[in-house]
Amino acid sequence: MSLINQTSRSKASSKPSSRRAETSRVYAHPLPIIFPELTYKFLGLSLTRPLNPHCTALFDPLTRSAWVSDSGDATLLWQRGFFGKGDLSRSEPSWSARQINARKMKGKGLTSEEITAKRRAERKQFKLDRAKAIAAAAAEAETVFNEQGRVIAPGIAPDGTRIIPSAATWKPASTSVPSEQSPLDVAPDEEEKIEPIQDLEHLQLSLQEAFFLVWALDCLTILHPETNTSFTLAEIWNTFQNVYIPSSVPQPNIPSPPRFDNPFLVSYIAYHHYRSLGWVVKSGIKFCVDYLLYKRGPVFQHAEFAIVVIPVYEDPEDQANSPFKLQNAEPFTWSWLSTINRVNSQVQKTLVVSYITIPAESRVSPKVLSSPACFAHYSVREVVLRRFIPARMRD
Amino acid sequence: MDDVLERPRPQPATPTLDPAEEESSGSEDGGLDWTKLPKVGAVRPVIPKRGEKDFEPAAGGGSGLQAHVLDRARAAMFDALKADRAISSKSASYGIWCPQISRVHVTVARGIHFSAMGHSAARPTSIDNGSTKLQKRLELLPEEALYLIERGALFCWKDIQTDLTGLDDIEGAPMSVQQAFAEIIGKEDLTLEKYQVFAYLRRLGYVVTRTDPPSPSYPVPPPRVGSAPLSFYQRLSSIFSLFTASVLRFLRGSNNWWRPLGISRWIHHDKSYGKVFKSLRVIPAGHSVAPHSSRATPVAPSSPYKIFYNMYKPSTNFRKTIPPQPDFQVVVVNARTAFVPSLYELTELFNVLPEIPPPLPRKRGAPSVVQSSPVAVASPVHTSTFKHIFSWLLPSSTPQPVTSQPRPHPFAALKAGKKNIVIAAVDSGNISFFRFSQGAFEEWPTL
């Protein structure tokens, strides 16, 4: 089985516990760096060298991302720290696995995307069935009222059970996916399907992730999109910030002076802060927020916290002079806060507002912006938000 | 709603309640189902249970059945509203609203309300012989008085500064609820929003008092103990830990900002993910240091974010004369005119709030296993530093002794935060309560 798709998490034969053990084994390392088993250790000294892999990525200024095309590198970066996202997948670059699955398994071993699609189809069918049952019950009640002039409780069968299905009682009548084939039918095919599927997918790293891998972990090289030569760290530092400078600035050749409120720096501060505390940080755009925090990673459990990054200017003048219109720099209205909080409490995530202070240029010289040393002048403060329901807090 | 529909109509309201409708208990949303109310004549209105929503109007704009059910519900609503609100004369209280001092002087106090409302204040009272004397009397704050008037538990007359000699035997009428609202809202910092929050919490059984005493005679909780500045020992140890941290950082050369990852090739102790993450924590974080601001007063004096109410749970043993420390403190703002508080406003609020201990894990049959141990909540810093040093030197890899005291779950501690403030955002009568907690992610790394 593992030959086909070793990361497939829905093998029908494996028990949940063994599947969990397999997941823990595959995703054992929280970072790309690996510390091998020690061979010799004396007085706290040891000679084993930590193994730091070296991956390469291509910088893409248009999408503001870095592309890892080598599938080995992509798998490594995903499995050790959940960096990036497959450009043809929801998260893990599983496009080619999905293609192989589609050919070999005929819907037997499902990737997570396929499971979701199936679930959505079922849910739609359930809603249709329910609407039909409700309409039928209403029509029945209507007839009784017209004929006998009495009000009956619709949707109750003579034996007292409810006819209208609920999400708990409804069962798919017959699976619409033709997965009921016995595995024996598929077995003979397996030999023939040798013709390889070319992996067209790449892993797409956000610039925050890319900079973290390059600067903090030193395990990624970034190539220039045109010359294909590798960037130096200082070049990356400047390039990643320049990407965010609005294109309306007329002279692209004259570098505009670096600013503390560069969107790359602000979002990187937040990303780095939570990464350095051991969280797996992923984008939270689907939940109205900037980042989601996972304890060990998305394959283990759902994200626990949803982070809204709010930049706070120490000096309001800096905000007035800024060429960037930083998101969330203006104060929230209460209705917007309720919106975000509703969305996130619906999916069992705790909303966290993360305030990133932006050093005042009058206090800190912009010269420190020439290197990551400027990070020491920012600061991060969280405020955890929760609806307070007095009716449920009485004791 | 159509006016035609709103006009009450005589309706033979004798519907037979069928069992199915009885069983359908209400979900949180959805309107009241007035048909669940008892019939007219039933004296006391009861909060009804909610019914189920119908699916949608039948094609062609409502059927006979739907119209019938609607009519029935509407008739029930009017019946319920028709019921007289009555109060036993034995439990009615009496008072006089004194606009000059914004208090209601309670002359007859009856009922359970006064165990949590009203305070005694000494006022000059004229005695029979013409002289005045300070006398203690029971007074209500504007919100307390308005709440009791609205409930029908207090008959309140207005104190008028007119000479009434010769009219002694004329009683006059007590203030109507409308008059009370008009007179009382706006007095003693009481906005309509603040009153709405007060009344809502009172109705749920909470005891609600003012945080800032409006007069010296108003009882307030005793000042908190334990907020004393750091002891000499604590300061010494914190300086020591800062010092060791910077020395270690220097020794490992991670003050080279182009290469933050400080893993020594030789020291075995460095070779763990915990150490890697720790060496990457270079960004200042946490609420222990106030955020910089170029302005002298980052919070405008007009900011609405000031703590207004102290709130006690119904279960809290509340004594009116010696109130305990509040369970929650509440800020009330108008959701249409105020934005969500800024970091500076929140910092100012947190500055006056007490730190609460992290929540303890729930007691279950088996002790819960907590994998990651918190860093900052551990014992004094210097001992742990020594422990670190020893563990570097000793080749044995003995596991750290597990403390028997249950540790809070990191998620629970992160969600609870260190300090809490409740903010009630009121939008024309709809109250949205939010709890803002001071987060401390930097104290609970996952690795």
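Keep in mind that this is a model prediction, so the values were computed, not measured.

Each value, and the rule that gives it
Residues numbered from 1 in each chain as written. Chains lettered and ligands numbered in written order. Predicted model: local features only at pLDDT ≥ 70, side-chain atom pairs only at ≥ 80, totals over all residues. Helix = DSSP H or I, 4+ residues; strand = E, 2+ residues; numbered from the N terminus. Buried ≥ 20, exposed ≤ 12 C-beta atoms within 10 Å, placed from the backbone. Contact = placed C-beta atoms within 7 Å. Nonpolar A, V, L, I, M, F, W, Y, C, P; charged D, E, K, R; others polar. Pairing = 2+ DSSP bridges. pLDDT = per-residue confidence, 0-100. UniProt positions renumbered as here; feature names shortened; annotations may be inferred. Core = buried A, V, L, I, M, F, W, Y, C linked by C-beta atoms within 7 Å. Axes fitted to C-alpha atoms, helices over the stretch in contact; angles between N-to-C directions. Left-handed = near helix turned anticlockwise from the far one by under 90°. Arc of directions from axis to C-beta. Parallel < 35°, antiparallel > 145°, perpendicular 65-115°, else oblique.

Regarding its fold elements, chain B presents eleven helices and ten strands. For chain B, the proportion of its 447 residues judged to be buried stands at 26%. Taking all contacts inside chain B whose residues are at least 6 apart in sequence as the whole, residues at least 24 apart take part in 65%.

As a further point, take the interface of chain A and chain B. With 75 residues of chain A in contact, the opposing surface of chain B contributes 72 residues. Going through the elements one at a time, strand S1 (41-42), strand S2 (45-46), helix H4 (112-148), helix H6 (207-216), helix H8 (263-276), helix H10 (334-346), strand S11 (350-358) and strand S12 (379-387) of chain A are the ones with two or more residues in the side of chain A that touches chain B. Counting residues per element, the side of chain A that touches chain B draws most heavily on S12 of chain A, at nine residues. Of the residues in the side of chain A that touches chain B, the class split is 46 nonpolar, 14 polar and 15 charged. Inspection of the sheet shows S12 of chain A paired to strand S10 (residues 430-438) of chain B by five bridges, in the antiparallel sense. Residue pairing across strands places Arg386 of chain A opposite Arg435 of chain B, the latter belonging to S10 of chain B.

What follows concerns the confidence of the model for chain A. As a general rule, the predicted coordinates of low-pLDDT regions are not to be interpreted in detail. All names here are of chain A. Confidence in the prediction of chain A, expressed as mean pLDDT, is 84, and 82% of residues score 70 or more. Ignoring residues within four places in sequence, the model shows residues 1-13, a span with pLDDT below 50, making 22 contacts including any to other chains. In the model, residues 175-191 has pLDDT below 50 throughout and makes 14 contacts with residues more than four positions away in sequence or in other chains.

This paragraph deals with the UniProt feature "domain: tRNA-splicing endonuclease subunit Sen54 N-terminal" (unreviewed entry) in chain B. The sites that carry the UniProt feature "domain: tRNA-splicing endonuclease subunit Sen54 N-terminal" (unreviewed entry) are, in the present numbering, residues 78-157 of chain B. Secondary structure across residues 78-157 of chain B comprises 19% helix and 41% strand; the distance between its end C-alpha atoms is 31 Å.

Counting 132 residues, the largest nonpolar core has Ala210, Ile307 and Ile356 of chain A together with Ala145, Val330, Val331 and Ala424 of chain B as the members making the most contacts within it. Among all residues touching Ile356 of chain A, those that are not within four sequence positions of it are Val266, Ile269, Ala270, Val309, Pro311, Val312, Tyr378 and Val380 of chain A.

Residues and elements named next belong to chain A. At a closest axis distance of 9 Å, the pairing of H6 and H8 adopts a crossing angle of 65 degrees. As H6 packs across H8, the resulting crossing turns out to be right-handed. Contacts between H6 and H8 involve Leu207, Gln208, Phe211, Phe212 and Ala216 from the former and Phe264, Ser267, Tyr268, Tyr271, His272 and Arg275 from the latter. Here the residues of the contact of H6 with H8 sort into seven nonpolar, three polar and one charged.

What follows deals with the UniProt feature "domain: tRNA intron endonuclease catalytic" (unreviewed entry) in chain A. Using the residue numbers shown here, the UniProt feature "domain: tRNA intron endonuclease catalytic" (unreviewed entry) corresponds to residues 264-356 of chain A. As annotated, residues 264-356 of chain A has a helix share of 34% and a strand share of 26%, and its two end C-alpha atoms lie 13 Å apart.

In this section: helix H7 (residues 233-242) of chain A. Residue and element names in this part refer to chain A. For H7, every residue scored as buried is listed here: Ile236, Trp237, Phe240 and Gln241. Here the buried residues of H7 occupy an arc of 120 degrees about the axis, which is enough to place them on one side. Tucked into the core, H7 has its buried residues touching H6, strand S7 (220-223) and H8.

Let us now look at unusual backbone geometry. All names here are of chain A. In this model, Arg64 sits at a positive phi of 50 degrees, which is unusual for a non-glycine residue. Of note, Arg64 is situated in the loop between strand S3 (55-60) and strand S4 (65-68). Located in the positive-phi region is Asp218, a residue other than glycine, with phi close to 55 degrees.

This part is about the pairing of S11 of chain A. Residues and elements named next belong to chain A. With respect to burial, S11 is a largely interior element, nine of its nine residues being buried. Burial along S11 is two-sided: Thr350, Val352, Ser354, Ile356 and Ile358 facing one way and Leu351, Val353, Tyr355 and Thr357 facing the other are all buried. Relative to S11, strand S10 (residues 305-313) runs parallel, the two sharing nine bridges. Bridge assignment links Tyr313 to a residue of S11, and that residue is Ile358. Pairing of S11 with S12, which is carried by seven bridges, proceeds in the antiparallel orientation. Looking at the pairing, Tyr355 lines up with Arg381 of S12.

All names here are of chain A. The strand order across the open sheet built from five strands is S5-S6-S4-S3-S7, with neighbouring strands paired in mixed fashion. Lying at the two open borders of the sheet, with one neighbouring strand each, are strand S5 (85-86) and S7. The sheet contact formed by S4 and strand S6 (residues 203-206) spans four bridges and is antiparallel. From the neighbouring strand, Ala66 faces S6, where its bridge partner is Leu205. Along the sheet face, helix H2 (residues 71-79) touches S3, S4 and S6 and points at about 95 degrees away from the line of S3.

Residues and elements named next belong to chain B. Axis separation between helix H4 (residues 142-151) and helix H6 (residues 192-203) bottoms out at 10 Å; the angle between their running directions is 60 degrees. Judged on the interaxial angle alone, H6 and H4 are oblique. Our pair here, H4 against H6, has a crossing hand that is right-handed. Where H4 abuts H6, its residues Glu143, Leu146, Tyr147 and Glu150 lie against Lys194, Tyr195, Phe198, Ala199 and Arg202. For the contact of H4 with H6, the class distribution of residues is five nonpolar, no polar and four charged.

So, on to the pairing of strand S7 (residues 309-312) of chain B. All names here are of chain B. Residues Tyr309 and Met311 point to one face of S7 and Asn310 and Tyr312 to the other, with burial holding for every one of them. Pairing geometry for strand S6 (residues 207-210) and S7, over four bridges, is antiparallel. Residue pairing in the sheet places Thr209 in a bridge with Asn310 of S7. Inspection of the sheet shows S7 paired to strand S8 (residues 328-334) by three bridges, in the antiparallel sense. Across the sheet, Met311 pairs through a bridge with Phe328, a residue of S8.

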